[in-house]
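Single-letter residue listing:
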Amino acid sequence: MIRCVDIYKSFADKLVLSGINFDIQSGEIFGLLGPSGAGKTTLIKILTGQLPFESGYAFTLGKNVGDLSGEDKRNIGIMMDEFGVYERFSCIENLKIFADIYGVAHVKIKDTLEIVGLGDAVKVKAKNLSKGMRTRLQLARVFLHSPKIIFLDEPTSGLDPQTMKSIHRIILDKKKSGATIFLTTHNMEEAAALCDTVALLNEGVIVEKGSPKEICRKYNHQKKIELHLSSGEDVLLPHGKESAGEIYKLFEAESVETIHSSEPNLETVFLELTGRKLQEDA
Amino acid sequence: MKNVIVIIKKQIKDTIKNKTVLIQFVLFPVMTLIMENAMKIKDMPELFITKLFSVMYIGMAPLTAVAAIISEEKEKNTLRVLMMANVAPGQYLTGVGIYVWTVCMAGAAVMATGFEQKDILLYLATMGIGFAISIVLGGCIGIFANNQMAATSLVMPVMAVLSFGPMLALFNDTIEKAARFLYTQQIRVFLDNMTVDRSTGKGAVIIAVNAAVLILLFFTAFKRKELGK
């Protein structure tokens, strides 16, 4: 569905994407995970034909992005943080514009607004919507014409956990209905919860890719045992037999309050690979 | 064509909601009706106010409206959404142009009520040409400006020259010598005479040259700025 082969892109003298390679299969949720400024949005713009690039090949819907026709674009839905809505128009009026462009029946508009949880805000003007509701309206606009590929650029950025979870449910429902989803995020929990495959992007380079579980397994050497002692102290020990003696001593002294193992997650893997935190700039 | 109609429909819906643009459309027709009926000055040429305001309407409303509409869509990033939904830049600009031209013509129809029936068609045709040229100029500004503030700062001086130039030319010969190269001044001269004869030719040439230069400028801006990117 989507393929990148050795893509290079720079702005002025600064290289923002360097040798990007990946394949995304139909029906997959692919997450591009990286801190702000890593090149995530630039890659979406390239894959949707909004931005030219210096070298390499980019294919969307199996076609070179430069050759995407009007009919191809109809099969692509894009939601970018910077995209606006018509402030003076209500939710339904906003969607009517795009329903007319895509040739979608107007009866589908209300259904789409229901799906994204805006069923009660059909007539609310966009300028009066909260950030979460505005994101839902943008999602409704993307879903309206049932595109085969959906690009979501940080769809839950700045949203409260409850809204974030409900948007995750909507995204997973879209996957179930057969859509291929490309999403960018700097939230490792979001990537782990949603994505079949993730690529970790740092300063324009993909430093790791695979399923979230595979990646975490690969870096399992980071596994630790965390103990919280009754003195209030936290102790971090290697996950191995060398720690057994010390743990035994602590238990014997009845000073252990809690104990659990700490597996690596995408955040710690990213930190190990790049020395940077995913959300350091967020 | 379908996308052009979508844009026109969107703009029609926005007319009542967008007060800034609505005022531009309504101001001069309403002012003309009021002042033409309220001001009765001895020796004032017939329909003096209507003709003067008609030229100001040409120089202000379409220019400001087109530039404001395009620059707002650019600033709020809704234009890119339209482009990504496969609305071509040409379709978008055509839709906005047709909408503004039609609404301005409706305003001109209100202003035409003072004319004798035989002059109405000629008046509307002249206004239609003037609006079309101003729309092209407004399009240039809208394409060049990245946001509404930049568009306003470009529109204001241009609008002042096009609207007030012909009015000031009535009272000052030096200004008249410079203003005669403006299409709005030539339209004012034509509206004063309201006849098509040999003397009209020179004015028509100046209007045509103005139009040609602005169309060239428009396509240069269109090519260089890559609307919606």
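Residues numbered from 1 in each chain as written. Chains lettered and ligands numbered in written order. Predicted model: local features only at pLDDT ≥ 70, side-chain atom pairs only at ≥ 80, totals over all residues. Heavy atoms only, no water.

**A look at the overall build of chain B**
Put simply, the rule reads: Under the DSSP-based scheme used, a helix requires at least four consecutive residues in state H or I and a strand at least two consecutive residues in state E, with every element numbered from the N terminus. Throughout, the radius of gyration refers to the C-alpha atoms, and the reference size of a globule is 2.2 Å times the residue count to the power 0.38. Working definition: with a 1.4 Å probe on protein chains only, accessible area under 20% of the residue-type maximum means buried, over 50% means exposed, and in between means partly exposed. Two residues form a contact once any of their heavy atoms are found within 4.5 Å. In this description, accessible areas are obtained by the Shrake-Rupley approach with a 1.4 Å probe, and a residue is regarded as covered only by the protein chains that are shown.
Each helix and strand counted, chain B has 10 helices and 0 strands in total. Helices and strands in chain B line up, N terminus first, as α-α-α-α-α-α-α-α-α-α. A compact globule built from 229 residues would reach a C-alpha radius of gyration of about 17 Å, and chain B, at 18 Å, matches this within 12%. Counting only C-alpha atoms, chain B reaches 60 × 35 × 30 Å along its principal axes. Buried residues in chain B amount to 51% of all 229 residues. By sequence separation, contacts in chain B at least 24 residues apart represent 77% of the contacts at least 6 residues apart. When the accessible surface of chain B is totalled, it reaches about 11,100 Å², and 69% of it is carbon and sulfur.

**Quick look at the pattern of salt bridges**
Selection rule: Put simply, a salt bridge is a Lys or Arg side-chain nitrogen that is within 4 Å of an Asp or Glu carboxyl oxygen.
This structure, assessed with the given rule, holds 16 salt bridges over all chains. Where A:Asp100 meets B:Lys9, a salt bridge forms, and the shortest distance between an N and an O atom there is 3.3 Å. Residue A:Asp100 is located in helix α3 (residues 91-102), and its partner B:Lys9 is located in helix α1 (residues 2-17); the two belong to separate chains. Take A:Asp100: its relative accessible area is 18%, and that puts it in the buried class. One salt bridge connects A:Lys175 with A:Asp196, and the closest N-O pair in it is separated by 2.9 Å. One end of the pair, A:Lys175, is in helix α6 (residues 161-176); the other, A:Asp196, is in the loop between α7 (188-194) and β9 (197-202), and 21 residues separate them in sequence. One continuous salt-bridge network, built from bridges that share partners, spans A:Arg88, B:Asp14, B:Glu72 and B:Lys76.

**Overview of the sheet that holds strand β11 (residues 224-229) of chain A**
Backbone-to-backbone hydrogen bonds pair the strands of a sheet. The strands run either parallel or antiparallel. Residue and element names in this part refer to chain A. Using the following cut-off: DSSP calls a pair of strands paired once it identifies at least 2 bridges connecting them. Every axis corresponds to a line fitted to the C-alpha atoms, with the helix fit spanning only the stretch in contact, and the corresponding angles, defined between N-to-C directions, vary from 0 to 180 degrees.
Within the open sheet, the 3 strands sit side by side as β12-β11-β13. Their pairing is antiparallel. Each edge of the sheet is formed by a strand with only one pairing partner; in this case those strands are β12 (234-238) and β13 (256-262). Across this sheet, the average inter-strand angle for adjacent strands is 20°, counted without regard to direction.

**Quick look at the pairing of β12(A)**
All names here are of chain A. Of the two faces of β12, only one is covered, namely that formed by Val235 and Leu237; the face formed by Asp234, Leu236 and Pro238 stays uncovered. Of the pairings in the sheet, the one linking β11 to β12 comprises 5 bridges and is antiparallel in character. Across the sheet, the residue bridging to Ile225 is Leu237, located in β12. Hairpin remark: β11 followed by β12, antiparallel, with 4 residues in the connecting loop; positive phi at Gly232, about 95°.

**A look at the nonpolar core**
Rules: The criterion is simple. A nonpolar core is a set of buried Ala, Val, Leu, Ile, Met, Phe, Trp, Tyr and Cys residues joined through side-chain atoms within 4.5 Å.
With 143 residues, the main nonpolar core has A:Phe22, A:Phe98, A:Leu113, A:Phe182, B:Tyr92, B:Val100 and B:Tyr123 as its most contacted residues. Among the elements that make up this core, the one with the highest residue count is helix α3 (residues 48-75) of chain B (14 residues).

**Focus on the side chain of B:Glu72**
By the secondary structure assignment, B:Glu72 is in helix α3. Accessibility expressed as a relative area gives 12% for B:Glu72, which makes it buried. If sequence neighbours within four positions are ignored, B:Glu72 has contacts with A:Arg88, B:Asn18 and B:Gln148.

**Some remarks on the packing of helix α5 (residues 131-143) of chain A against α6(A)**
Pairs of packed helices are described in terms of their axes, by the angle between the two and the distance that separates them. All names here are of chain A. Our working rule: When an angle is under 35 degrees it counts as roughly parallel; over 145 it counts as roughly antiparallel; between 65 and 115 it counts as roughly perpendicular; any other value is oblique. Side-chain classes are defined by residue name, with Ala, Val, Leu, Ile, Met, Phe, Trp, Tyr, Cys and Pro counting as nonpolar, Asp, Glu, Lys and Arg as charged, and the others, Gly among them, as polar.
Close contact between α5 and α6 brings their axes to 11 Å; oriented N to C, the two are set at 10°. With respect to each other, α5 and α6 are oriented roughly parallel. Seen from α5, the contacting residues are Gly132, Thr135, Arg136, Leu139 and Phe143; seen from α6, they are Thr163, Ser166, Ile167, Ile170 and Lys174. Here the residues of the contact of α5 with α6 sort into 4 nonpolar, 4 polar and 2 charged.

**Observations regarding the environment of B:Leu217**
The topology assignment puts B:Leu217 in helix α10 (residues 200-225). The sequence separation of B:Leu217 and B:Arg180 amounts to 37 residues, and the corresponding C-alpha distance is 21 Å.

**Things to note about empty space enclosed by the protein**
Heads up, the condition is: A pocket here means an open set of points on a 1 Å grid, computed over the protein atoms alone, that has protein on both sides within 12 Å along at least five of seven lines. A cavity is instead a set of points where a 1.4 Å probe fits but cannot get out; residues with an atom within 4 Å of a point line either one. Grid points are joined across faces, edges and corners, and a volume is the space filled by probe spheres set on the points.
Counted by the stated rule, this structure contains 2 cavities of 30 Å³ or more. The computed volume of the largest cavity comes to approximately 160 Å³. Along the walls of the largest cavity sit 14 residues, with A:Tyr86, A:Arg88, B:Asp14, B:Glu72 and B:Glu73 positioned nearest its centre. Within the residue set of the lining of the largest cavity, elements represented by two or more residues are α1 and α3 of chain B. In terms of residue class, the lining of the largest cavity is made up of 4 nonpolar, 3 polar and 7 charged. Of the voids in this model, the second largest cavity is the one considered here, and its volume is about 100 Å³. A:Ile76, A:Gly77, A:Ile78, A:Phe83, A:Phe98, A:Tyr102, A:Arg141, A:Val142, A:His145, B:Val81, B:Met84 and B:Ala85 are the residues that line the second largest cavity. It is strand β6 (residues 76-79) of chain A that provides the largest number of residues to the lining of the second largest cavity, a total of 3 residues.

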